[in-house]
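Observations on the three-dimensional arrangement
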Amino acid sequence: MLSKISEQLEKLSSAERKVAEVALAEPKWFVHAAVAEIAERAQVSQPTVIRFCRSLDFKGLPEFKLALSASISHSGLPFVHEELNIDDGVGDVMEKVLGNTAAALLGARRTLNPSDLERAISLLAHARRIEFYGVGNSGIVAQDAQHKFFRFGISTVAYSDTHIQLMAAAVLSPQDVLVVISNSGSSIEILDAVSIAKENGAQVIVITRHDSPLAQLGDCVLTVAVQEDSSRYTPMVSRLLQLAVVDILAIGLALRLGETVSFQLEKGKRSISRHRVEEE
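Residues numbered from 1 in each chain as written. Predicted model: local features only at pLDDT ≥ 70, side-chain atom pairs only at ≥ 80, totals over all residues. Heavy atoms only, no water.

Quick look at the overall build of the protein
Defined as follows: The secondary structure listing takes helices from DSSP runs of H or I that are at least 4 residues long and strands from runs of E that are at least 2 residues long, numbered from the N terminus. Exposure classes here rest on a 1.4 Å probe applied to the protein chains alone. A residue is buried below 20% of its type maximum, exposed above 50%, and partly exposed in between. Here, two residues are considered to be in contact whenever any of their heavy atoms come within 4.5 Å of each other. Each accessible area value is a Shrake-Rupley result obtained with a 1.4 Å probe; residue values ignore everything except the protein chains displayed when judging cover.
Across its full length, the protein carries 14 helices and five strands. Here the protein, with 280 residues, has 44% of them falling under the buried criterion. Summarising the internal contacts of the protein: among those between residues at least 6 apart in sequence, 67% fall at separations of at least 24. For the protein, the exposed surface amounts to about 14500 Å²; the carbon and sulfur share of it is 54%.

If you want it as C-alpha coordinates, here you go:
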(Lines give C-alpha, C1' and ligand atoms only; values in the text may rest on other atoms or scores of the structure.)
Protein backbone atom coordinates (compact mmCIF):
# COMPACT_ATOMS: atom_id res chain seq x y z
CA MET A 1 0.00 0.00 0.00
CA LEU A 2 2.80 2.41 0.84
CA SER A 3 4.43 1.52 -2.47
CA LYS A 4 1.20 2.32 -4.29
CA ILE A 5 0.98 5.74 -2.61
CA SER A 6 4.59 6.63 -3.43
CA GLU A 7 4.17 5.51 -7.06
CA GLN A 8 1.12 7.76 -7.48
CA LEU A 9 2.71 10.91 -6.02
CA GLU A 10 3.53 12.52 -9.36
CA LYS A 11 -0.04 12.04 -10.56
CA LEU A 12 -1.58 13.80 -7.57
CA SER A 13 -2.33 17.48 -7.25
CA SER A 14 -0.01 19.51 -5.01
CA ALA A 15 -2.63 19.52 -2.24
CA GLU A 16 -3.32 15.78 -2.51
CA ARG A 17 0.43 15.14 -2.42
CA LYS A 18 0.57 16.76 1.02
CA VAL A 19 -1.98 14.21 2.26
CA ALA A 20 0.02 11.40 0.66
CA GLU A 21 3.20 12.52 2.41
CA VAL A 22 1.42 12.47 5.77
CA ALA A 23 0.22 8.92 5.07
CA LEU A 24 3.73 7.86 4.09
CA ALA A 25 5.39 9.50 7.08
CA GLU A 26 2.91 8.31 9.71
CA PRO A 27 0.78 5.43 8.36
CA LYS A 28 -0.17 4.02 11.77
CA TRP A 29 -1.30 7.44 12.98
CA PHE A 30 -3.18 8.05 9.72
CA VAL A 31 -5.26 4.88 10.16
CA HIS A 32 -6.72 6.14 13.46
CA ALA A 33 -6.88 9.89 12.77
CA ALA A 34 -10.09 11.75 11.99
CA VAL A 35 -10.44 13.54 8.67
CA ALA A 36 -10.14 16.92 10.43
CA GLU A 37 -6.88 15.85 12.10
CA ILE A 38 -5.44 14.61 8.80
CA ALA A 39 -6.42 17.84 7.04
CA GLU A 40 -4.80 19.90 9.79
CA ARG A 41 -1.57 17.85 9.74
CA ALA A 42 -1.34 18.12 5.94
CA GLN A 43 -2.45 21.77 5.94
CA VAL A 44 -5.20 21.15 3.40
CA SER A 45 -9.00 21.20 3.43
CA GLN A 46 -11.06 18.18 4.51
CA PRO A 47 -12.48 17.65 0.99
CA THR A 48 -8.89 17.39 -0.27
CA VAL A 49 -8.36 14.37 2.01
CA ILE A 50 -11.37 12.68 0.41
CA ARG A 51 -10.19 13.57 -3.10
CA PHE A 52 -6.82 12.04 -2.31
CA CYS A 53 -8.48 8.75 -1.38
CA ARG A 54 -10.55 8.77 -4.55
CA SER A 55 -7.49 9.54 -6.66
CA LEU A 56 -6.12 6.21 -5.42
CA ASP A 57 -9.35 4.47 -6.53
CA PHE A 58 -10.98 4.24 -3.10
CA LYS A 59 -14.59 5.31 -2.45
CA GLY A 60 -13.57 7.43 0.50
CA LEU A 61 -11.45 7.74 3.62
CA PRO A 62 -12.87 4.69 5.51
CA GLU A 63 -12.11 2.34 2.61
CA PHE A 64 -8.63 3.81 2.21
CA LYS A 65 -7.94 3.39 5.94
CA LEU A 66 -9.00 -0.26 5.83
CA ALA A 67 -6.60 -0.96 2.97
CA LEU A 68 -3.78 0.96 4.66
CA SER A 69 -4.38 -0.80 7.98
CA ALA A 70 -4.36 -4.22 6.31
CA SER A 71 -1.04 -3.45 4.63
CA ILE A 72 0.75 -2.47 7.86
CA SER A 73 -0.99 -4.71 10.43
CA HIS A 74 0.82 -8.02 10.24
CA SER A 75 3.54 -9.70 12.24
CA GLY A 76 6.06 -10.20 9.42
CA LEU A 77 9.22 -12.24 10.05
CA PRO A 78 10.42 -11.63 13.63
CA PHE A 79 13.91 -10.07 13.77
CA VAL A 80 14.04 -9.89 9.96
CA HIS A 81 11.45 -7.54 8.36
CA GLU A 82 7.94 -6.58 9.41
CA GLU A 83 6.62 -6.49 5.83
CA LEU A 84 7.87 -9.92 4.74
CA ASN A 85 6.35 -13.35 5.16
CA ILE A 86 8.01 -16.77 5.15
CA ASP A 87 6.49 -17.71 1.77
CA ASP A 88 7.48 -14.48 -0.03
CA GLY A 89 9.56 -14.94 -3.17
CA VAL A 90 12.55 -12.84 -4.21
CA GLY A 91 10.25 -10.65 -6.31
CA ASP A 92 8.09 -9.94 -3.25
CA VAL A 93 11.20 -9.17 -1.20
CA MET A 94 12.39 -6.69 -3.83
CA GLU A 95 9.01 -4.96 -4.09
CA LYS A 96 8.46 -4.69 -0.34
CA VAL A 97 11.98 -3.59 0.60
CA LEU A 98 12.23 -1.01 -2.19
CA GLY A 99 8.62 0.12 -1.73
CA ASN A 100 9.00 0.63 2.01
CA THR A 101 12.26 2.49 1.54
CA ALA A 102 10.85 4.79 -1.13
CA ALA A 103 7.77 5.49 1.01
CA ALA A 104 9.89 6.32 4.06
CA LEU A 105 12.21 8.63 2.11
CA LEU A 106 9.26 10.49 0.62
CA GLY A 107 7.56 10.69 4.00
CA ALA A 108 10.71 12.21 5.51
CA ARG A 109 9.88 15.45 3.70
CA ARG A 110 7.09 15.90 6.24
CA THR A 111 9.22 15.34 9.33
CA LEU A 112 12.50 17.07 8.46
CA ASN A 113 12.38 20.80 9.16
CA PRO A 114 14.43 22.98 6.74
CA SER A 115 15.11 25.56 9.46
CA ASP A 116 16.55 22.83 11.73
CA LEU A 117 18.75 21.64 8.86
CA GLU A 118 19.91 25.23 8.28
CA ARG A 119 20.83 25.60 11.94
CA ALA A 120 22.70 22.29 11.94
CA ILE A 121 24.69 23.30 8.86
CA SER A 122 25.52 26.66 10.45
CA LEU A 123 26.81 24.94 13.59
CA LEU A 124 28.93 22.57 11.49
CA ALA A 125 30.33 25.43 9.41
CA HIS A 126 31.70 27.18 12.51
CA ALA A 127 32.98 24.09 14.32
CA ARG A 128 36.63 23.69 15.23
CA ARG A 129 36.12 19.94 15.37
CA ILE A 130 33.18 17.64 14.58
CA GLU A 131 32.66 14.30 16.29
CA PHE A 132 30.11 11.67 15.23
CA TYR A 133 28.74 9.14 17.74
CA GLY A 134 26.57 6.12 16.99
CA VAL A 135 26.19 2.53 18.16
CA GLY A 136 25.34 -0.58 16.11
CA ASN A 137 23.70 0.31 12.80
CA SER A 138 23.90 3.98 13.72
CA GLY A 139 27.62 3.56 14.34
CA ILE A 140 28.03 2.59 10.68
CA VAL A 141 26.19 5.78 9.70
CA ALA A 142 28.53 7.78 11.97
CA GLN A 143 31.51 6.26 10.14
CA ASP A 144 29.94 7.22 6.79
CA ALA A 145 29.45 10.79 8.04
CA GLN A 146 33.08 11.06 9.12
CA HIS A 147 34.17 9.73 5.72
CA LYS A 148 32.25 12.53 4.01
CA PHE A 149 33.16 15.42 6.28
CA PHE A 150 36.91 14.86 6.73
CA ARG A 151 37.36 15.36 2.98
CA PHE A 152 36.26 18.97 3.46
CA GLY A 153 39.48 19.64 5.40
CA ILE A 154 37.62 19.65 8.72
CA SER A 155 38.93 17.89 11.82
CA THR A 156 36.49 15.01 12.28
CA VAL A 157 36.30 11.64 14.01
CA ALA A 158 33.65 8.94 14.49
CA TYR A 159 33.32 6.75 17.59
CA SER A 160 31.09 3.68 17.96
CA ASP A 161 32.57 2.38 21.23
CA THR A 162 30.51 3.73 24.13
CA HIS A 163 33.45 3.95 26.55
CA ILE A 164 35.50 5.97 24.07
CA GLN A 165 32.48 8.20 23.43
CA LEU A 166 32.28 8.99 27.14
CA MET A 167 35.98 9.82 27.33
CA ALA A 168 35.98 11.83 24.10
CA ALA A 169 32.94 13.86 25.20
CA ALA A 170 34.85 14.84 28.33
CA VAL A 171 37.46 16.74 26.30
CA LEU A 172 35.13 18.56 23.90
CA SER A 173 35.01 22.35 24.04
CA PRO A 174 32.52 25.13 23.20
CA GLN A 175 34.17 25.36 19.76
CA ASP A 176 33.29 21.74 18.96
CA VAL A 177 30.13 20.15 17.57
CA LEU A 178 28.93 16.66 18.41
CA VAL A 179 26.60 14.85 15.98
CA VAL A 180 24.81 11.90 17.59
CA ILE A 181 22.93 9.35 15.49
CA SER A 182 20.52 6.94 17.15
CA ASN A 183 17.37 5.20 15.97
CA SER A 184 15.96 4.56 19.45
CA GLY A 185 17.50 7.60 21.11
CA SER A 186 17.39 5.75 24.42
CA SER A 187 20.86 4.26 24.90
CA ILE A 188 22.01 5.18 28.40
CA GLU A 189 25.69 5.43 27.38
CA ILE A 190 24.85 7.73 24.44
CA LEU A 191 22.70 9.93 26.68
CA ASP A 192 25.52 10.11 29.24
CA ALA A 193 28.03 11.09 26.55
CA VAL A 194 25.73 13.85 25.30
CA SER A 195 25.25 15.19 28.84
CA ILE A 196 29.04 15.29 29.33
CA ALA A 197 29.55 17.06 25.98
CA LYS A 198 26.94 19.69 26.89
CA GLU A 199 28.56 20.25 30.29
CA ASN A 200 31.74 21.13 28.39
CA GLY A 201 29.87 23.63 26.22
CA ALA A 202 29.83 21.64 22.96
CA GLN A 203 26.84 22.08 20.64
CA VAL A 204 24.96 18.82 20.03
CA ILE A 205 23.10 17.88 16.84
CA VAL A 206 20.98 14.73 17.12
CA ILE A 207 19.49 12.59 14.36
CA THR A 208 16.78 10.52 16.03
CA ARG A 209 13.06 10.08 16.71
CA HIS A 210 11.28 13.27 17.76
CA ASP A 211 9.96 11.76 21.02
CA SER A 212 13.14 10.03 22.18
CA PRO A 213 15.11 10.94 25.34
CA LEU A 214 18.01 11.91 23.07
CA ALA A 215 15.84 14.45 21.25
CA GLN A 216 15.24 16.18 24.58
CA LEU A 217 18.98 16.77 25.02
CA GLY A 218 19.89 17.99 21.53
CA ASP A 219 20.59 21.64 20.76
CA CYS A 220 19.42 20.90 17.21
CA VAL A 221 17.11 17.95 16.52
CA LEU A 222 16.81 16.42 13.05
CA THR A 223 13.79 14.15 13.20
CA VAL A 224 13.88 10.77 11.51
CA ALA A 225 10.41 9.23 11.85
CA VAL A 226 10.34 5.52 11.04
CA GLN A 227 7.62 2.97 11.75
CA GLU A 228 10.12 0.15 12.28
CA ASP A 229 10.01 -1.67 15.60
CA SER A 230 13.77 -2.04 16.07
CA SER A 231 13.27 -4.22 19.16
CA ARG A 232 11.61 -6.88 16.97
CA TYR A 233 12.96 -6.33 13.45
CA THR A 234 16.31 -5.55 11.86
CA PRO A 235 16.53 -1.75 11.34
CA MET A 236 16.72 -1.10 7.60
CA VAL A 237 14.75 1.97 6.55
CA SER A 238 15.88 3.95 9.60
CA ARG A 239 19.53 3.46 8.62
CA LEU A 240 18.86 4.63 5.06
CA LEU A 241 17.03 7.73 6.33
CA GLN A 242 19.94 8.53 8.64
CA LEU A 243 22.33 8.25 5.68
CA ALA A 244 20.09 10.57 3.67
CA VAL A 245 20.14 13.17 6.45
CA VAL A 246 23.95 12.95 6.60
CA ASP A 247 24.06 13.54 2.83
CA ILE A 248 21.84 16.61 3.19
CA LEU A 249 24.14 18.02 5.89
CA ALA A 250 27.28 17.26 3.88
CA ILE A 251 25.95 18.85 0.69
CA GLY A 252 24.54 21.82 2.61
CA LEU A 253 27.89 22.38 4.31
CA ALA A 254 29.75 22.10 0.99
CA LEU A 255 27.51 24.77 -0.49
CA ARG A 256 28.04 26.98 2.58
CA LEU A 257 31.85 26.67 2.43
CA GLY A 258 31.96 27.18 -1.35
CA GLU A 259 35.21 26.98 -3.32
CA THR A 260 37.22 25.95 -0.26
CA VAL A 261 35.48 22.57 -0.24
CA SER A 262 35.83 22.11 -4.00
CA PHE A 263 39.58 22.65 -3.66
CA GLN A 264 39.85 20.11 -0.82
CA LEU A 265 37.79 17.53 -2.71
CA GLU A 266 39.87 18.03 -5.83
CA LYS A 267 43.06 17.37 -3.86
CA GLY A 268 41.53 14.22 -2.43
CA LYS A 269 40.53 12.97 -5.87
CA ARG A 270 44.03 13.63 -7.23
CA SER A 271 45.65 11.69 -4.40
CA ILE A 272 43.51 8.65 -5.19
CA SER A 273 43.85 8.85 -8.97
CA ARG A 274 47.64 8.44 -8.69
CA HIS A 275 47.09 4.96 -7.25
CA ARG A 276 44.76 3.63 -9.93
CA VAL A 277 45.72 1.57 -12.95
CA GLU A 278 45.35 3.65 -16.09
CA GLU A 279 42.95 2.29 -18.69
CA GLU A 280 44.24 1.88 -22.22
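Observations concerning the confidence of the model for the protein
Quick reminder of the rule: Every residue gets a pLDDT, meaning the predictor's confidence in that residue, from 0 to 100.
Across the protein, the average pLDDT comes to 86, with 89% of residues at or above 70. Per-element confidence in the protein ranges from a low mean pLDDT of 72 for helix H14 (residues 259-273) to a high of 98 for strand E3 (residues 176-181).

Points about the pattern of salt bridges
Heads up, the condition is: When a carboxyl oxygen of Asp or Glu is within 4 Å of a side-chain nitrogen of Lys or Arg, the pair counts as a salt bridge.
The full count for this structure, using the stated rule, is seven salt bridges. Of the charged contacts, one joins Glu131 and Arg129 as a salt bridge, the two residues approaching to 2.9 Å between their closest N and O atoms. The salt bridge partner of Asp247 is Lys148, with a shortest N-O separation of 3.2 Å. Of this pair, Asp247 sits in helix H13 (residues 237-257) while Lys148 is found in helix H9 (residues 137-149), placing the two residues 99 residues apart along the sequence. Salt bridges linked by common partners bring Asp144, Lys148 and Asp247 together as one network.

As for the side chain of Ser182
Selection criterion: For this analysis, a polar contact is any N or O atom pair within 3.5 Å, provided that within protein one partner can donate a hydrogen and the other can accept it, and provided that sequence-adjacent residues contribute only side-chain to side-chain pairs.
Tracing the backbone shows Ser182 in the loop between E3 and helix H11 (188-199). Classification of Ser182 by relative accessible area gives buried; the value is 8%. A polar atom in the side chain of Ser182 sits 2.8 Å from the backbone nitrogen of Gly185. Setting aside its immediate chain neighbours within four residues, Ser182 contacts Ser138, Ile207, Thr208, Arg209, Leu214 and Gln242.

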